[in-house]
Amino acid sequence: MSALRTFSSTFVKASRQPAFRFAAARSYASQVKSLKERVAELIPEKQEEVKTFKKEYGNHVLGEVTIDQAYGGMRGVKGLVYEGSVLDAEEGIRFRGLTIPDCQKALPSAIEGGEPLPEALFWLLVTGEVPTAEQTKALSEDWAARGNLPKFVEDMLDNCPKTLHPMSQFSLALNALQHDSKFANAYSNGIHKSKYWDPVFEDSMDMIAKLPKIAARIYQNVYHNGATHGDLEQDKDYSYNFSKLLGFADNKEFVELMRLYLVIHSDHEGGNASAHTTHLVGSTLSDPYLSYAAGLNALAGPLHGLANQEVLRWTLQLKDNVGIDASDDDIKKYLWDTLNGGRVVPGFGHAVLRKTDPRYMAQREFALKHLPEDPLFNLVSRLYHIIPGVLTEHGKTKNPWPNVDAHSGVLLQYYGLKEQDYYTVL
């Protein structure tokens, strides 16, 4: 194992150097024409790598499991191989070795100096390589071409009661799209297991492409009486098209926010509840639609994806109770009343992180650039400086620093997307 540790340590250190990652990634990406072609090249290499590694280290014990971990939802248990991203307690998230600032510098954007495109991050997650601008544009066009929904799915969503939570409708639509699963059809026709990846890739691409239309239709049906804002544009990127369907395409800052929002929420290790659920269901050879819908159901819990709407509601309640210009002492009293009442202060703390979430900082920097005078943003900025001290004094929080959910609702509110129950869909 000493050789393995040496190799791992050396490679990890090297891969964390931006110049190493960017140069290697771009040299690979420039040699291929499409994402699927590159995936087809990488899969045999990866299969052989896994086979060799399992043969040599298959009996190695990763660690022990405590009773507390077993009762606590298996938190901290090493039980999944995942390469897309890694979360370090001090450093935060890295996507295939790149930090969020690295991604902002390296990944193609829609405008000069703008936020990275989710399409580019998807390419990076799948291949470990940074795509060129041309490859990113081709992926945008591919998703736009695949984005239309079957009529029966549209009709089903249109017939859902407005009182059905948007996340329930989101999951419902994904389950319904399983009707057209290429993997399910190929499996029933006896496809060889070495070729599973091909229809899984196609299902995944089709599914991701259709998410904006599903999510936007839910938004318009529940909150705006089924309003429409045109169709997908083939020459536009994923975030622009989603913003257009929501009715916000005319606001260039909102479109940029959506690009950042989708990038920083795209991946967060493989062991969180929703990602793990997706992997778990997929391990039964359920197709991507069924697997992803299962993950959405996990995400809908108040201790997971639903947290972002809970944070905003709590922040607005604080504003209503103490005022937007309240003194630090009044804010601290409200915080202590919350804690002494047996409630949590939402948006602060993280299962892994022991410092401010870099995703929070990315959103804060966006706000400092685009809405520095917004009263609600200024209140959240004050909470960033006040709450950690109160939580530290309270003594029951391992990490008193803000997470990604502490900021996202403020930005969405500023641009007019104020429907809090919808935030988890994003």
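Please read all numbers here as calculations on a predicted model, not as lab measurements.

1. Comments concerning the packing of helix α7 (residues 133-146) against helix α11 (residues 197-223)
Next up, step 1: Between α7 and α11, whose axes approach to 8 Å, the crossing angle comes to 80°. Judged by the angle between their axes, α7 and α11 are roughly perpendicular. Residues L139, D142, W143 and R146 of α7 form the contact with α11, whose participating residues are E202, M205, D206, I208, A209 and K210.
Next up, step 2: Residues belonging to the contact of α7 with α11 are distributed by class as follows: 5 nonpolar, no polar and 5 charged.

2. Some remarks on the packing of helix α8 (residues 151-158) against α11
Two quantities define a packed helix pair, namely the angle between the helix axes and the distance between the axes.
Next up, step 1: Running from amino to carboxyl end, α8 crosses α11 at an angle of 30°, the nearest separation of the two axes being 10 Å. Between α8 and α11, the angle is such that the two are roughly parallel. Regarding α8 and α11, the two cross each other, and that crossing is right-handed. Every residue of α11 that contacts α8 at E154, L157 and D158 is listed here: I214, R217, I218 and N221.
Next up, step 2: Considered class by class, the residues forming the contact of α8 with α11 number 3 nonpolar, 1 polar and 3 charged.

3. Some words on the UniProt feature "active site" (unreviewed entry) in the protein
Next up, step 1: When the UniProt feature table is mapped onto this chain, "active site" (unreviewed entry) is found at H304, H350 and D405. In sequence the annotated residues extend across 102 residues, while in space they remain close, none of their C-alpha pairs exceeding 10.7 Å.
Next up, step 2: Tracing the backbone shows H304 in the loop between α15 (288-299) and α16 (307-322).
Next up, step 3: Look at H304 and you get partly exposed, because its relative accessible area is 22%.
Next up, step 4: When neighbours within four sequence positions are excluded, H304 is seen to be in contact with N272, A273, S274, A298, L299 and D405.
Next up, step 5: A distance of 3.4 Å separates a polar atom in the side chain of H304 from a polar atom in the side chain of N272.
Next up, step 6: Position of H350 among the secondary structure elements: in the loop between α17 (328-340) and α18 (358-370).
Next up, step 7: Note on H350: relative accessible area 21%, which makes it partly exposed.
Next up, step 8: Discounting residues that sit within four places of it in the chain, H350 has contacts with L87, H268, D357, R359, N399 and N403.

The rules behind each value
- Residues numbered from 1 in each chain as written.
- Predicted model: local features only at pLDDT ≥ 70, side-chain atom pairs only at ≥ 80, totals over all residues.
- Heavy atoms only, no water.
- Axes fitted to C-alpha atoms, helices over the stretch in contact; angles between N-to-C directions.
- Helix = DSSP H or I, 4+ residues; strand = E, 2+ residues; numbered from the N terminus.
- Parallel < 35°, antiparallel > 145°, perpendicular 65-115°, else oblique.
- Contact = heavy atoms within 4.5 Å.
- Nonpolar A, V, L, I, M, F, W, Y, C, P; charged D, E, K, R; others polar.
- Left-handed = near helix turned anticlockwise from the far one by under 90°.
- UniProt positions renumbered as here; feature names shortened; annotations may be inferred.
- Buried < 20%, exposed > 50% of the residue type's maximum accessible area, 1.4 Å probe, protein only.
- Polar contact = N/O pair within 3.5 Å; in protein donor to acceptor, adjacent residues only side chain to side chain.

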